[in-house]
Number of protein chains: 4
Amino acid sequence: MVNYIVTLQCVDVPGIVRTSSAALVAIGGNILENDQFTDPVTGQFCMRTRFETATGDIEAVRSQLEGDLAFLSPKLAIRLEDSRRRALIMVSALDHCLAELLYRHDHGELPLDIAAIVSNHPDCAPLAERYEIPFFEIPVTADTKKDAETELRSLLEVFDVDFVILARYMQVLSPELCSDLSGRIVNIHHSFLPGFKGSRPYHQAYERGVKLIGATAHFVTNDLDDGPIIDQDVVRVSHARVPKDLISLGRDVERSVLARAVKLVAEDRVALVGNRTVIFSQ
Amino acid sequence: MVNYIVTLQCVDVPGIVRTSSAALVAIGGNILENDQFTDPVTGQFCMRTRFETATGDIEAVRSQLEGDLAFLSPKLAIRLEDSRRRALIMVSALDHCLAELLYRHDHGELPLDIAAIVSNHPDCAPLAERYEIPFFEIPVTADTKKDAETELRSLLEVFDVDFVILARYMQVLSPELCSDLSGRIVNIHHSFLPGFKGSRPYHQAYERGVKLIGATAHFVTNDLDDGPIIDQDVVRVSHARVPKDLISLGRDVERSVLARAVKLVAEDRVALVGNRTVIFSQ
Amino acid sequence: MVNYIVTLQCVDVPGIVRTSSAALVAIGGNILENDQFTDPVTGQFCMRTRFETATGDIEAVRSQLEGDLAFLSPKLAIRLEDSRRRALIMVSALDHCLAELLYRHDHGELPLDIAAIVSNHPDCAPLAERYEIPFFEIPVTADTKKDAETELRSLLEVFDVDFVILARYMQVLSPELCSDLSGRIVNIHHSFLPGFKGSRPYHQAYERGVKLIGATAHFVTNDLDDGPIIDQDVVRVSHARVPKDLISLGRDVERSVLARAVKLVAEDRVALVGNRTVIFSQ
Amino acid sequence: MVNYIVTLQCVDVPGIVRTSSAALVAIGGNILENDQFTDPVTGQFCMRTRFETATGDIEAVRSQLEGDLAFLSPKLAIRLEDSRRRALIMVSALDHCLAELLYRHDHGELPLDIAAIVSNHPDCAPLAERYEIPFFEIPVTADTKKDAETELRSLLEVFDVDFVILARYMQVLSPELCSDLSGRIVNIHHSFLPGFKGSRPYHQAYERGVKLIGATAHFVTNDLDDGPIIDQDVVRVSHARVPKDLISLGRDVERSVLARAVKLVAEDRVALVGNRTVIFSQ
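Residues numbered from 1 in each chain as written. Chains lettered and ligands numbered in written order. Predicted model: local features only at pLDDT ≥ 70, side-chain atom pairs only at ≥ 80, totals over all residues. Heavy atoms only, no water.

**Points about the environment of A:Gln171**
Residue and element names in this part refer to chain A.
In step 1: Note that glutamine 171 resides in the loop between β8 (163–166) and α6 (175–180).
In step 2: A relative accessible area of 26% places glutamine 171 in the partly exposed class.
In step 3: Sequence separation between glutamine 171 and phenylalanine 136 is 35 residues; the distance between their C-alpha atoms is 15 Å.
In step 4: Setting aside residues no more than four positions away along its own chain, glutamine 171 makes contact with Asn120 and Val140. (Helix = DSSP H or I, 4+ residues; strand = E, 2+ residues; numbered from the N terminus. Buried < 20%, exposed > 50% of the residue type's maximum accessible area, 1.4 Å probe, protein only. Contact = heavy atoms within 4.5 Å.)

**Some details on the sheet that holds strand β11 (residues 229–236) of chain C**
All names here are of chain C.
In step 1: Spatially, β7-β6-β5-β8-β9-β10-β11 is the arrangement adopted by the 7 strands of the open sheet, whose pairing is mixed. Edge positions in the sheet fall to β7 (135–137) and β11, since each has one partner strand and no second. Neighbouring strand axes in the sheet, compared pairwise and without regard to direction, differ in orientation by 20° on average.
In step 2: Sheet topology places strand β10 (residues 212–219) next to β11; 7 bridges connect them, and they run antiparallel. Looking at β11, one finds that alanine 217 is bridged to aspartate 231. (Pairing = 2+ DSSP bridges. Axes fitted to C-alpha atoms, helices over the stretch in contact; angles between N-to-C directions.)

**Section: a nonpolar patch on the surface**
In step 1: A cluster of nonpolar side chains, namely C:Val11, C:Val13 and C:Phe71, defines an oily patch on the protein surface of about 280 Å² accessible area.
In step 2: Along the chain, C:Val11 falls in strand β1 (residues 2–11). (Patch = residues over 30% accessible without salt bridge, like charges linked within 9 Å, V, L, I, M, F, W, Y side chains within 5 Å. Areas by Shrake-Rupley, 256 points an atom, 1.4 Å probe, with all protein chains shown as cover. Salt bridge = Lys/Arg side-chain N within 4 Å of Asp/Glu carboxyl O.)

**Some remarks on helix α2 (residues 58–69) of chain D**
Residue and element names in this part refer to chain D.
In step 1: Here α2 spans 16 Å end to end across 12 residues, near enough to the 16 Å set by a 1.5 Å rise per residue.
In step 2: Listing the buried residues of α2 in full gives Ile58, Val61, Leu65 and Leu69. The buried residues of α2 occupy an angular sector of 65° when projected down its axis, which confines them to one face.
In step 3: Where the residues of α2 are buried, they touch β1 (2–11), α1 (16–26), β3 (44–53) and β4 (75–80). (Expected span 1.5 Å × (residues − 1). Arc of directions from axis to C-beta.)

**Observations regarding the interface of chain C and chain B**
In step 1: Counting residues at the interface gives 17 residues for chain C, matched by 17 residues for chain B.
In step 2: Here chain C meets chain B over a buried area of about 1,500 Å², counting both sides, of which 31% is carbon and sulfur.
In step 3: Across the salt bridge formed by B:Glu109 and C:Arg251, the nearest N and O atoms sit 2.8 Å from each other.
In step 4: The interface formed by chain C and chain B holds 16 residue pairs in polar contact (both at pLDDT 80 or more) in total.
In step 5: Looking at the side of chain C that touches chain B, the elements that each hand over two or more residues are α3 (96–106) and α8 (243–266) of chain C.
In step 6: In terms of residue count, the dominant contributor to the side of chain C that touches chain B is α3(C) (5 residues).
In step 7: Considering only residue class, the side of chain C that touches chain B consists of 3 nonpolar, 5 polar and 9 charged. (Buried area = accessible area lost by both parts, 1.4 Å probe. Polar contact = N/O pair within 3.5 Å; in protein donor to acceptor, adjacent residues only side chain to side chain. Nonpolar A, V, L, I, M, F, W, Y, C, P; charged D, E, K, R; others polar.)

**Description of the relation of the copies chain A and chain C**
In step 1: Of the transformation placing chain A onto chain C, the axial shift is 0.0 Å and the rotation is 180°, giving an RMSD of 0.0 Å. Here the transformation between the copies is reduced to the relation of a two-fold axis. Rotation axis and chain A: the residue whose C-alpha lies nearest the axis is A:Gly195, separated from it by 2.3 Å.
In step 2: Comparing interface residues between copies, 100% of those in chain A also lie at the interface in chain C; the contact surface is shared. (Least-squares fit on C-alpha atoms with pLDDT ≥ 70 in both.)

**Some points on unusual backbone geometry**
In step 1: A cis amide bond, omega 10°, links C:Leu193 with the succeeding residue C:Pro194.
In step 2: Among the structural elements, C:Pro194 can be located in the loop between β9 (185–189) and α7 (201–208).
In step 3: Although it is not a glycine, A:Asp225 sits at a positive phi angle of roughly 65°.
In step 4: Mapped onto the elements of the fold, A:Asp225 is located in the loop between β10 (212–219) and β11 (229–236).
In step 5: A residue is classified by how much of its surface remains accessible, and A:Asp225, at 8% relative accessible area, is buried.
In step 6: For D:Asp160, which is not a glycine, the phi torsion comes out positive at approximately 55°.
In step 7: Residue placement: D:Asp160 occurs in the loop between α5 (145–158) and β8 (163–166).

**Focus: the domain arrangement of chain A**
Residue and element names in this part refer to chain A.
In step 1: Assigned domains within chain A: domain 1 (2–80) and domain 2 (85–279).
In step 2: For domain 1 and domain 2, the distance between their C-alpha centroids amounts to 31 Å.
In step 3: Of the residues lining the interface, 11 residues belong to domain 1; the matching set on domain 2 comes to 10 residues.
In step 4: Taken over both partners, the interface formed by domain 1 and domain 2 buries close to 790 Å², and the fraction arising from carbon and sulfur atoms is 49%.
In step 5: On the domain 1 side of the interface with domain 2, the three residues burying the most area are Gln9, Arg48 and Arg79, jointly 48% of the side's total.
In step 6: With its nearest N and O atoms 2.9 Å apart, the salt bridge here joins glutamate 33 to arginine 269.
In step 7: Across the domain 1-domain 2 interface, the total number found is 6 residue pairs in polar contact (both at pLDDT 80 or more).
In step 8: Secondary-structure elements contributing two or more residues to the side of domain 1 that touches domain 2 are β1 (2–11), β2 (30–38) and β3 (44–53).
In step 9: Considered class by class, the residues forming the side of domain 1 that touches domain 2 number 3 nonpolar, 4 polar and 4 charged. (Domains from an automatic or database assignment.)

**A closer look at the interface of chain A and chain C**
In step 1: Each partner contributes residues to the interface: chain A has 37 residues there, and chain C has 37 residues.
In step 2: Of the roughly 3,000 Å² buried between chain A and chain C, counting both surfaces, carbon and sulfur atoms make up 56%.
In step 3: Per-residue buried area on chain A facing chain C is highest for A:Arg208, A:His239 and A:Arg276; these three make up 26% of the total on that side.
In step 4: In this structure, the connection of chain A to chain C is made through 4 salt bridges.
In step 5: The interface formed by chain A and chain C contains 18 residue pairs in polar contact (both at pLDDT 80 or more).
In step 6: Residue assignment for the side of chain A that touches chain C shows that the elements contributing at least two residues are α7 (201–208), β11 and β13 (276–279) of chain A.
In step 7: Counting residues per element, the side of chain A that touches chain C draws most heavily on β11(A), at 7 residues.
In step 8: Taken together, the residues of the side of chain A that touches chain C sort by class into 18 nonpolar, 7 polar and 12 charged.

**Topic: the relation of the copies chain C and chain B**
Here two copies of a chain appear, and what relates them is a rotation about an axis with a shift along it.
In step 1: Taken as rigid bodies, chain C and chain B are interconverted by a rotation of 180° and an axial shift of 0.0 Å, the fit giving an RMSD of 0.0 Å.
In step 2: Most of the interface of chain C is mirrored in chain B, where 100% of its interface residues are also at the interface.

Now the structure itself:
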């Protein structure tokens, strides 16, 4: 048996589930996992189905589903579960998020291919080398920013990248790139958004005297720190913790939240409805 | 439009979703919420569907679904969402769980009818009276235990009770009653099971020096404290907390865990597969 | 033996602990609990000591400590543990925080005296009556706001109130009152501050698509929602939760966070250093 | 200025704090951090003080404190904060806990010296090599167990080890070794003790259908899985998670709980009172 993952998004009308489940039966499919949700505000219907069938002919599967569901004009995607999505990771000098992703990937916990690592610093090169992932240093200055993005775009094409992970990459991407890769760039912000946007959030958190600090994984949009949130978490901190401690405690939250978000994206468990995400978690 | 909740459980075979969704379409149904799960160990398929349709004729709905799904010999239940399930609460001297359930019910947070309250102590009578729920004191001693259960069974029948909530009821029910009401009695145990079964769990927890204490809501079976778990939660405690403190902190966990579990049961969100529960939470 | 609680705050210099512990020994005191903290930014030293001694003569205790510690010009407070602090609770129409405080107080979990309840609505009068706490309805309109505060101040004096609890009181207090009661008004805000300041925070949270919602207990200052934070907590929410659900789930967080904060204040476990709190929790 | 950490444990009598704080003043000490606790059951007094003074002559400091406190017959330890405690890590085939400890140590988050790594498998040798820590493979079979421990004891002596960390070391140590290193071996157990003692705890957890799984860091005693608990934590799991998932999710809890416990031990923040720990956390 071969496993497939289908995701579907369209306006909700009666009969979608009947139609899609009939299409699956027609190709001998057996549902392994099914999640669906209708957004009450927009009326958008989202579905993710993991199913098995005897045929490995994905085009046959695709044409059956596309044909049967065409009347819904859906956003529809089908892939073999084994054909993993391809990610490119961007990082600056701090390596904790990158190290976490590489460690988990190496231990079989992240079902994706890490095609390449790009950094504006050389610091993480040895880490990339240890895991035998191609590493590209692309320095960024005010002058070279445009050329740097051209180089990045070229790598995205060469490595056939599905989505980009900003694992504490401290440069702001251009509006054009954010727009072209809409819904395909995952960032980790080192605060519990929407609190403490911008720079030095742990220092802001210390000043404000919050009793919990957090981290937020979100899709990148032109509105810095305002993109759709994929996952968040927090950790309790006492008054005795100074900014240096918050940074240290926060690192743990950042890396676990980013790793969870990346896994969700890699498994096609995240749907976008407006500026909100629908998460089909296990 | 009228809302219905359907729950279905049977052996997993290809085509269940197609059949059930087709049956819903046949009665003009529109799915509002759908959850399904196939247990990988037993192969049991569980589904909960909330849907709306123009007809209020539940018998028509029932016969359509029962007819179409008959070949699966499913465990199938259908009800109007507005026809709430009826609960009887049992309590001893400690009132915190009862008070929580009554408060939430009164504020519209628990979609069930509280038919009656039974206690082996008179202490909670004023609380019942305040919320205008019938209260029955049924004292239990070694000698009267059998008669007490006869009286309880009579109340369950008179009040047409769907399920029983043990809100810190400190008497053990007979094996016969547990068996007759299998899957229909929810208990709150004041520990994070399977740790600290039996009596005085907070004292056991203090002796053991655990750093988190908890509570467990579970269905009652003949195996005391071993029934299927519905929900659990914990709270952090420091070395400075003595048993009296643990009891106090634990009360908060007990009442919130029990309230969550009761809401899940009242909304038909709990399926039983062997000794494990499947929870279709929002 | 009689128990005392001493709190002390001053500039940190070597010898404070020696001096204060010697003063305690001089009056036959035995330390039951001691917490201290020096703020690394401001150099402020904060201490809370609970001790027992044979004498019930608090003036003797006070003069010994004040005399010995005078050279530090400290902010020093001494009280018998049994002489509870007196609180006045203010509430509007929503009763969940008030109900929680009254329930806990009634069950011996909040070591304070609830002197009176003030509301701009009549809704909570029956709840106050049930627990036999004096209830005063003081309606507030743009025109009557000044008179209302005069009436409130009069009650604070009549009932000899130590601190005020805003248990979802939806009126803004005047800058004068905030200033006069600085560090003596505890408010619960229904968001995880600094996120979602202002009105309808749960609707803001829904729009933003956060994955955790929270509540914040803080001292009231003139800067609305910017006062020193005493405690915070969060609860996870899924995409399926609409604002109505967030409001319901948030209620549970609000009442538990406020109850914890009030207990901390009632036990003199909260020190103020700038806009941050030092919490001497157990 | 030079920083010292003093820990003290003795029967509680009035005057301990006065005496010890006077001793600190006598050597020109300034308290940076002070925590104390009296166990209400045993009457044991525990204290941890971090202080600075101008002198680097630790023997002078020691003799002052030992002299002044001698009448208490205390368990007393003094060290320079910079003279780190020395640990030896033991591991079997699974590397996640070891990798976490090495990563944190490398990033300056664990104030201890990792003297050596011992394993009954060769698998973790490359990881040790990467961080340039001496690695010793000591295979263990029923026949070689005694010799293996002799070799281990020799390493403990050669490397002047203060405490041992069992980072998922799957062999049981002999009662003699446990006894000789009492309070000096930290183990991570992959369950929320006292639930699921023994082997394959995640499979046990799956069978029992718990809704939270956890991990426990504890001191090792002869009573397997019953030693004093240092730290614990849990993570929520749904019914859809099979044992393989629990193992994966549990790894994250194991490594964070062990890292926190090791940091507490390395900073002398853990006192032992009977079978319970007193944790002086920040």
